[in-house]
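Structural overview
If you want the building blocks of each chain, they are given just below.
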Amino acid sequence: MAGLLSITEPSDNTQTPTAFATASDIPMTPTTYSREDIAALFDLPLMDLLLRAQTVHREHFAANEVQISTLLSIKTGNCPEDCGYCSQSGHHRDKTKLQAEKRLAVDKVIAAAKRAKASGSSRFCMGAAWKHPSEKDMPYVVELIKEVKGLGLETCMTLGMLSPNQAEQLSEAGLDYYNHNLDTSRSYYEQVVSTRTYDERLDTLAHVRQSGINVCSGNIVGMGESRDDRIDWVHELLKMPKPPESIPVNLLVPIAGTPLGDKVIAEGELSVLEWIRTIAVTRICCPSSYVRLSAGRESLSDAEQALAFMAGANSFFYGDKLLTTGNASQSGDQRLMRTLGLTPMYAKPRAPKVLPVVDAISGHESQMVLAE
Ligand code: SF4
């Protein structure tokens, strides 16, 4: 990807700003943002947009604190879904040649969580390439949640679709966040995935919300979608009963052999500045959410990442690998944080809903349900 100074904005699928709405034309209360408001925010001159995003950010978060997460793949590859950007899909494995792996043993996951904590992460995210967890997988993931929480880390999982009952089981174990990305707009979605519907994604997010787990749901920009699609995706977040607490804004890492990776490699990548705009608009419209830099950071310069934090991002993934794609190096991140004067946030794990209780006299085992 080109460096910041060599980028010409806009690229083919980016629209030229037309409205030049001023920040004062757009209401401050997030619940009042209409689709037109979101479009007007995208159209603001970049410096006006960044100023507004940074102002909103400082009203809701400590200005120079970032939340740091580490992501581990606990079951890799051969996924039955056909997400067009993903090397883990079994539909693309003939081309991507990704080696599938079985479930990772619990002790290996715990060892990785300990390393993540020691290197400064406050949240440990575990991802499995499943359509949904099977019933036989549930005791495994519940054990992982309890063990990782026992280390004092926040926990996050991304396991595919969840039934209401599965969401409840994860909540009872104390899971802090569940990630399930919408990926894009409803209308562009059919270009991205065909094996699960947009409404199924929204259903899983509703089950997660209902269970009391914090919702993590983001997008991937640069998959060939238009700015209208990016506007619609932000609008979709605001149509939820409450915006997700955590919103990863990914920049596509084009992987050769995946349909969308091949398309972007052939047609050209989206301007990094359009990704920055998407972060800024997300920050303004979802002021209390953590806006996370995820995939795509590896190829960005320090200046581009600094601009993303200026746009209101306050969370990022740490570690040399994001599931199966590369990530910015840990030593590089530590240097970047020192250079920018950023400090890590502390973990604030939620208590499990249900605690095991053993009667001291009879030895009878029961469960205590804790109030939310
Ligand atoms: S993004 Fe997730 S659900 Fe989609 S193919 Fe990859 S692992 Fe499977």
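Look up: the structure comes first, before these words.
Figured I'd write up the structure that's included with this text. If you're wondering where the values come from, they're calculated on a predicted model, not measured in any experiment.

What counts, and where the lines are drawn
Residues numbered from 1 in each chain as written. Predicted model: local features only at pLDDT ≥ 70, side-chain atom pairs only at ≥ 80, totals over all residues. Helix = DSSP H or I, 4+ residues; strand = E, 2+ residues; numbered from the N terminus. Buried ≥ 20, exposed ≤ 12 C-beta atoms within 10 Å, placed from the backbone. Contact = placed C-beta atoms within 7 Å. Near = placed C-beta within 6 Å. Nonpolar A, V, L, I, M, F, W, Y, C, P; charged D, E, K, R; others polar. Core = buried A, V, L, I, M, F, W, Y, C linked by C-beta atoms within 7 Å. Pairing = 2+ DSSP bridges. Right-handed = clockwise from strand over helix to strand, strands pointing away. Axes fitted to C-alpha atoms, helices over the stretch in contact; angles between N-to-C directions. Left-handed = near helix turned anticlockwise from the far one by under 90°. Parallel < 35°, antiparallel > 145°, perpendicular 65-115°, else oblique. Expected span 1.5 Å × (residues − 1). Arc of directions from axis to C-beta.

So, on to the overall build of the protein. For the protein, the count of helices and strands is 12 helices and 14 strands. Counting over 372 residues, the protein shows a buried share of 47%. When contacts within the protein are restricted to residue pairs at least 6 apart in sequence, long-range pairs at least 24 apart make up 79% of them.

So, on to the site of the ligand. Lining the immediate environment of the ligand, one finds C79, E81, C83, C86, Q88, S89, A129 and G160. In the shell around the ligand, the residues fall into 4 nonpolar, 3 polar and 1 charged.

As a further point, take the nonpolar core. One finds I38, L170, Y178, L252, I279, A280 and A311 to be the most contacted residues of the largest nonpolar core, which totals 90 residues. No other element matches the 8 residues that helix α10 (residues 272-285) contributes to this core. The residues contacting I279, other than those within four sequence positions of it, are V249, V291, A308, A311, G312 and A313.

Attention now goes to unusual backbone geometry. At N78, a position not held by glycine, the phi torsion is positive, near 55°. If you trace the backbone, N78 turns up in the loop between β1 (65-75) and α3 (93-96). At D183, a position not held by glycine, the phi torsion is positive, near 75°. Structurally, the position occupied by D183 is in the loop between β4 (177-179) and α7 (198-211). Judged by the 23 C-beta atoms lying within 10 Å of it, D183 falls in the buried class.

This part is about the pairing of strand β3 (residues 154-158). Note on strand geometry: in a regular strand, side chains alternate between the two faces of the sheet. Burial analysis of β3 places 5 of its 5 residues in the buried class, the great majority of the element. Side-chain alternation along β3 places E154, C156 and T158 on one buried face and T155 and M157 on a second face that is also buried. One ladder, built from 5 bridges, connects strand β2 (residues 123-128) with β3; its direction is parallel. Bridge pairing links R123 to E154 in β3. Note on the crossover from β2 through helix α5 (residues 138-150) to β3: the handedness is right-handed. In this sheet, β4 lies alongside β3 in parallel orientation, the contact comprising 2 bridges.

Let us look at the packing of helix α4 (residues 106-118) against α5. As a packed pair, α4 and α5 sit with axes 10 Å apart at the nearest point and diverge in direction by 30°. Seen along the crossing, α4 lies across α5 with a hand that is right-handed. Residue-level inspection shows V106, V109, I110 and A113 of α4 in contact with α5, the latter providing E143, L144, E147 and V148. Classifying every residue of the contact of α4 with α5 gives 6 nonpolar, no polar and 2 charged.

The interhelical angle for the contact between helix α6 (residues 164-173) and α7, taken along N-to-C directions, is 40°, at an axis separation of 9 Å. Taken as axis vectors, α6 and α7 run oblique relative to one another. Where α6 crosses over α7, the two elements pack in a sense that is right-handed. Touching P164, A167, E168 and S171 of α6 are H207, V208, Q210 and S211, all from α7. Of the residues assigned to the contact of α6 with α7, the class counts are 3 nonpolar, 4 polar and 1 charged.

With that settled, the discussion passes to α10. Three- or four-residue spacings in an α-helix give side chains the same orientation, since the helix completes a turn every 3.6 residues. The terminal C-alpha atoms of α10, which comprises 14 residues, lie 20 Å apart, in line with the 20 Å expected from a rise of 1.5 Å per residue. The element α10 is extensively covered by neighbouring structure, given that 13 of its 14 residues are classed as buried.

The end-to-end C-alpha separation of helix α2 (residues 46-60) is 21 Å, in line with the 21 Å expected for 15 residues at 1.5 Å each. Buried residues of α2: L49, L50, R52, A53, V56 and H57, and no others. Taken around the axis of α2, the buried residues stretch over an arc of 165°, which confines them to a single face. Turned more than 90 degrees away from the buried face of α2, the exposed residues are M47, R58 and E59. Residues of α2 that are buried make contact with α1 (35-43), α10 and α11 (302-310).

Quick look at the pairing of strand β8 (residues 290-293) now. Residue alternation in β8 divides its side chains into two sets, Y290 and R292 and V291 and L293, and both sets are buried. Sheet analysis places strand β7 (residues 246-251) next to β8, joined by 4 bridges and oriented parallel. Residue pairing in the sheet places V249 in a bridge with L293 of β8. As paired elements, β8 and strand β9 (residues 315-318) share 2 bridges and run parallel to each other.

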